[in-house]
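Overview (structure and organization)
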Amino acid sequence: QVQLVESGGGLVQAGGSLRLSCAASGRTSSSAAMGWFRQAPGKERDFVAAITWFGGKTYGAESLKGRFSISRDNARNTVYLQMNSLKPEDTAVYYCAAGDGGASYGGYRYWGQGTQVTVSS
């Protein structure tokens, strides 16, 4: 019911910034929230941040506070992840997701294809 298309990934130098976009289509109103997850090489998929469609409530991983922020544009059905002061440890495949929300991947029903973010030292 929901299709997600991500963009904005790429290679960036440590300390730089990157803005990821996730364009949603379909029955986006059926999903209460949009979230971002990431999976680094050899690691499990980790929660990054989430935002509710209607109230705009945001929450994110504590370890990323002050560097990452999530926002949305309901008119464009698009969610963004602004990443600042990037570190090599931020290197991962970043996934956009839609669903009930929360910090667990089990709370999301729909997933994007993932976009690679590589931070060089």
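As a reminder, the structure under discussion sits directly above these lines.
Here's what I pulled together on the structure shown here.

Reading the values: the criteria
Residues numbered from 1 in each chain as written. Predicted model: local features only at pLDDT ≥ 70, side-chain atom pairs only at ≥ 80, totals over all residues. Heavy atoms only, no water. Helix = DSSP H or I, 4+ residues; strand = E, 2+ residues; numbered from the N terminus. Polar contact = N/O pair within 3.5 Å; in protein donor to acceptor, adjacent residues only side chain to side chain. Contact = heavy atoms within 4.5 Å. Phe/Tyr/Trp six-rings, centres within 6.5 Å; stacked < 30°, edge-to-face > 60°. Buried < 20%, exposed > 50% of the residue type's maximum accessible area, 1.4 Å probe, protein only. Salt bridge = Lys/Arg side-chain N within 4 Å of Asp/Glu carboxyl O. Disulfide = S-S within 2.5 Å.

**Considerations on the side chain of Arg67**
Note that Arg67 resides in the loop between β6 (58-60) and β7 (68-73). Within the structure, the side chain of Arg67 is placed 3.1 Å from the backbone oxygen of Ser85, a separation counted as a polar contact. Within the structure, the side chain of Arg67 is placed 2.7 Å from the side chain of Asp90, a separation counted as a polar contact. Apart from the residues within four sequence positions on either side, Arg67 is in contact with Gln82, Met83, Asn84, Ser85, Leu86, Lys87 and Asp90.

**Section: the packing of aromatic side chains**
Under the definition given, this model contains 5 aromatic pairs. Between Phe37 and Phe47, the ring centres sit 5.5 Å apart and the planes meet at 70 degrees, which makes this aromatic pair edge-to-face. Remark: Phe47 occurs in strand β5 (residues 45-52) and Phe37 occurs in strand β4 (residues 33-39); sequence separation between them is 10 residues. On the basis of relative accessible area, Phe37 is assigned to the buried category, the value being 1%. Exposure remark for Phe47: the relative accessible area of 13% places this residue in the buried category. Aromatic side chains Tyr108 and Trp111 sit 6.2 Å apart centroid to centroid with 65 degrees between the ring planes, which places their arrangement in the edge-to-face category.

**Focus on the pattern of salt bridges**
Scanning all chains against the criterion turns up 4 salt bridges. With a shortest N-O distance of 2.7 Å, Asp90 and Arg67 are connected by a salt bridge. Here Arg67 lies in the loop between β6 and β7 and Asp90 lies in the loop between β8 (78-83) and β9 (92-99), a separation of 23 residues in the sequence. Of the two residues, Asp90 and Arg67, neither departs from the other in class, the shared state being buried. Residue Asp73 is joined to Arg76 by a salt bridge in which the shortest nitrogen-to-oxygen separation is 2.9 Å. The exposed category is assigned to Arg76, whose relative accessible area is 59%. One connected set of salt bridges, linked through shared partners, spans Arg38, Arg67 and Asp90.

**Comments concerning the state of the cysteines**
Counted under the stated rule, the structure contains 1 disulfide. Covalently, Cys22 is tied to Cys96 through a disulfide, its sulfur atoms 2.0 Å apart. Between Cys22 and Cys96, the S-S dihedral sits near -80 degrees, and the bridge is therefore left-handed. Highlighted residues: Cys22 in strand β3 (residues 18-26) and Cys96 in strand β9, separated in sequence by 74 residues. With respect to class, Cys22 is no different from Cys96; both count as buried.

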